[in-house]
Amino acid sequence: MPSDTSLPRSSVYSQLTPTPRIFAFMGVLLIAATSLGAGVVARWQYLDDTFDSEWGLGLTAAATALTVAATGPYFGRVMDRRDPRPFVVLATSFAALVMAVTGLAIILGGVPPWLAVAAAVADGIALSMGSIAFLKTQASFVRPGAEGATEIVNILRLGIGGVVGALIAGAMPNPQTTLFVMAVLILVANVFVWKIMNPVVMRPTPPPNDLNPGAFGTYLRSSDSPRSILVIDLFLAVIIPTQLVNLVLIDLDIPELASLSIAAGMLGVLAGRVLLTVLGFRGNPRLLLIISVLGLALTQLVGAVALQDNWLIRQALLLPAIVIIGSLMSTYAQGLTAAIIQQQVSEAYRGRFSSIVVAGRYVLISIGAILGTFIAVYWDAQVLLVALGLSLIVLTIGTRAYRVVPTQ
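Since the model is a prediction, treat every value here as computed from it, not as a measurement.

Things to note about the overall build of the protein
Then, number 1: Looking only at helices and strands, the protein features 16 helices and zero strands.
Then, number 2: At 21 Å, the protein has a C-alpha radius of gyration in line with the 22 Å of a compact globule built from 408 residues.
Then, number 3: Within the protein, the proportion of its 408 residues that are buried is 53%.
Then, number 4: In the protein, of all internal contacts separated by at least 6 residues, the share reaching a separation of at least 24 is 88%.
Then, number 5: For the protein, the exposed surface amounts to about 17,900 Å²; the carbon and sulfur share of it is 70%.
Then, number 6: Looking at the protein, you have 23 positive and 19 negative side-chain charges, and the mean spots of the two groups are 16 Å apart.

Right under this line is the structure:
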């Protein structure tokens, strides 16, 4: 369907109730999201034994990001040409296989560096294929005009699954147990995923002229709103490092506050996704984006000032409050732009456009983490927070206060 700059005013729930199967789909795939969250924790556990330094962790993260970037355009073209449903199951099954192989390697004596990198590449393939196939599939579950609403529910699913998965992994006795249990759960869930997807009628394949690479290039140049919001989304991906809390904790050498700060960050992320689900596109999305981005910038700048002489570290309530507020603001801002993109992109190009979204985010998130680490190592956490806060203010000014985002 053609892009439309207007956004629906009704609630997310009311937009999706005419197609209740989407709730069953998201519910079953919550298992995959939980497995992803648990897998991240297990990966950090075994990589810590595999490599002698932090550079090994960075190497595997870069391998995954580069694989997503390299394979994304291919999978985007495939999903626009073919039924994406088999690829949803294939991607999650492939991820389960990687988990099982890695778990077996741990039992047999440990994960050698070459296997850790190979597993990271395989994860990148699964993430690239699965993310793009899922975005195409979920759009077919709902009526035209509710694509943004279903993406908001998807964002909430990933948030809940990530938190639950991390908690499960923390309760497991070792990483290999986590990996085996999650692999089995994914394969069992896939049976139900296929049964739920099978009756859904996929949206028609685009005509041959829309599948031409030149046609997609023309669409990108002519689709001002989705393209411009994509640019904002990608800038946010690099300016908001996902490992910000960890970088600050490492720089200040305060391991005793790690658990509290990480838990506060997880709570803030989940709260941001819940808030996005409750609000949907109601209110003034542009104003809400401005508030969330500048609110995050202000939180970072206040945090930088409060770190002077480690004053913030001694405040039992203020530290987690700042982490929660910052995580909430960043999650809301990025979730809102992601939902608007899925709402406005033309169905004929959803797969290829989504490949840019997925690949761009993974690469820029990695770049953001590297830049954040560099600043934290060669300067300090205060400089990092000031740099990030000022960058968000510059982005707001440079985009003319996000004027491309619809106001209603």
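And the narrative resumes.
Things to note about the pattern of salt bridges
Then, number 1: A complete count under the given rule lists ten salt bridges for this structure.
Then, number 2: Asp80 is the partner of Arg352 in a salt bridge, and the nearest nitrogen-oxygen pair spans 2.7 Å. Of this pair, Arg352 sits in helix 15 (residues 350-378) while Asp80 sits in helix 3 (residues 54-81), and the two are 272 residues apart along the sequence.
Then, number 3: Lys136 is paired through a salt bridge with Glu347; the nearest N and O atoms lie 3.5 Å apart. Of this pair, Lys136 sits in helix 5 (residues 113-141) while Glu347 is found in the loop between helix 14 (318-344) and helix 15, placing the two residues 211 residues apart along the sequence. An identical accessibility class is assigned to Lys136 and Glu347; each is buried.

Focus on a nonpolar patch on the surface
Then, number 1: On the surface, Phe374, Val377, Tyr378, Trp379 and Val383 cluster together into a nonpolar patch covering about 570 Å² of accessible area.
Then, number 2: Broken down by element, the residue count for the nonpolar patch peaks at three residues, all from helix 15.
Then, number 3: Looking at where Val383 falls in the secondary structure, it is placed in helix 16 (residues 381-398).
Then, number 4: Accessibility expressed as a relative area gives 35% for Val383, which makes it partly exposed.

Things to note about the packing of helix 14 against helix 15
Then, number 1: With their axes 10 Å apart at the nearest point, helix 14 and helix 15 run at an angle of 165° to one another. Regarding the angle of helix 14 to helix 15, the classification is roughly antiparallel. Like other packed secondary-structure pairs, helix 14 and helix 15 cross with a definite hand, here right-handed. Two secondary-structure elements touch here, helix 14 through Ala338, Ile341 and Gln342 and helix 15 through Arg350, Phe353, Ser354, Val357 and Arg361.
Then, number 2: Taken together, the residues of the contact of helix 14 with helix 15 sort by class into four nonpolar, two polar and two charged.

Comments concerning the packing of aromatic side chains
Two numbers describe a pair of aromatic rings. These are the distance of the centres and the angle of the planes.
Then, number 1: Here the structure, examined in full by the defined rule, presents nine aromatic pairs.
Then, number 2: On the numbers, 4.5 Å between centres and 15° between planes, the contact of Tyr219 with Tyr349 is stacked. One end of the pair, Tyr219, is in helix 9 (residues 213-222); the other, Tyr349, is in the loop between helix 14 and helix 15, with 130 residues separating them in the sequence.
Then, number 3: Seen in terms of ring centroids, Tyr219 and Phe353 are 6.4 Å apart; in terms of plane orientation they differ by 75°. Their pairing is edge-to-face. Taken together, the residues Tyr219 in helix 9 and Phe353 in helix 15 connect sequence positions 134 residues apart.
Then, number 4: For Tyr219, a relative accessible area of 9% translates into the label buried.
Then, number 5: What makes Phe353 buried here is its relative accessible area of 0%.
Then, number 6: An aromatic cluster of at least three residues, connected via ring pairs, comprises Phe216, Tyr219, Tyr349 and Phe353.
Then, number 7: Against the face of Phe134 rests Arg157, its NZ or CZ located 4.7 Å from the ring centre.

Criteria and cut-off values
Residues numbered from 1 in each chain as written. Predicted model: local features only at pLDDT ≥ 70, side-chain atom pairs only at ≥ 80, totals over all residues. Heavy atoms only, no water. Helix = DSSP H or I, 4+ residues; strand = E, 2+ residues; numbered from the N terminus. Rg over C-alpha atoms; globule rule 2.2 N^0.38 Å. Buried < 20%, exposed > 50% of the residue type's maximum accessible area, 1.4 Å probe, protein only. Contact = heavy atoms within 4.5 Å. Areas by Shrake-Rupley, 256 points an atom, 1.4 Å probe, with all protein chains shown as cover. Lys, Arg positive; Asp, Glu negative; His and termini not counted. Charge placed at Lys NZ, Arg CZ, Asp CG, Glu CD. Salt bridge = Lys/Arg side-chain N within 4 Å of Asp/Glu carboxyl O. Patch = residues over 30% accessible without salt bridge, like charges linked within 9 Å, V, L, I, M, F, W, Y side chains within 5 Å. Axes fitted to C-alpha atoms, helices over the stretch in contact; angles between N-to-C directions. Parallel < 35°, antiparallel > 145°, perpendicular 65-115°, else oblique. Left-handed = near helix turned anticlockwise from the far one by under 90°. Nonpolar A, V, L, I, M, F, W, Y, C, P; charged D, E, K, R; others polar. Phe/Tyr/Trp six-rings, centres within 6.5 Å; stacked < 30°, edge-to-face > 60°. Lys NZ or Arg CZ within 6 Å of the ring centre and 35° of its normal.

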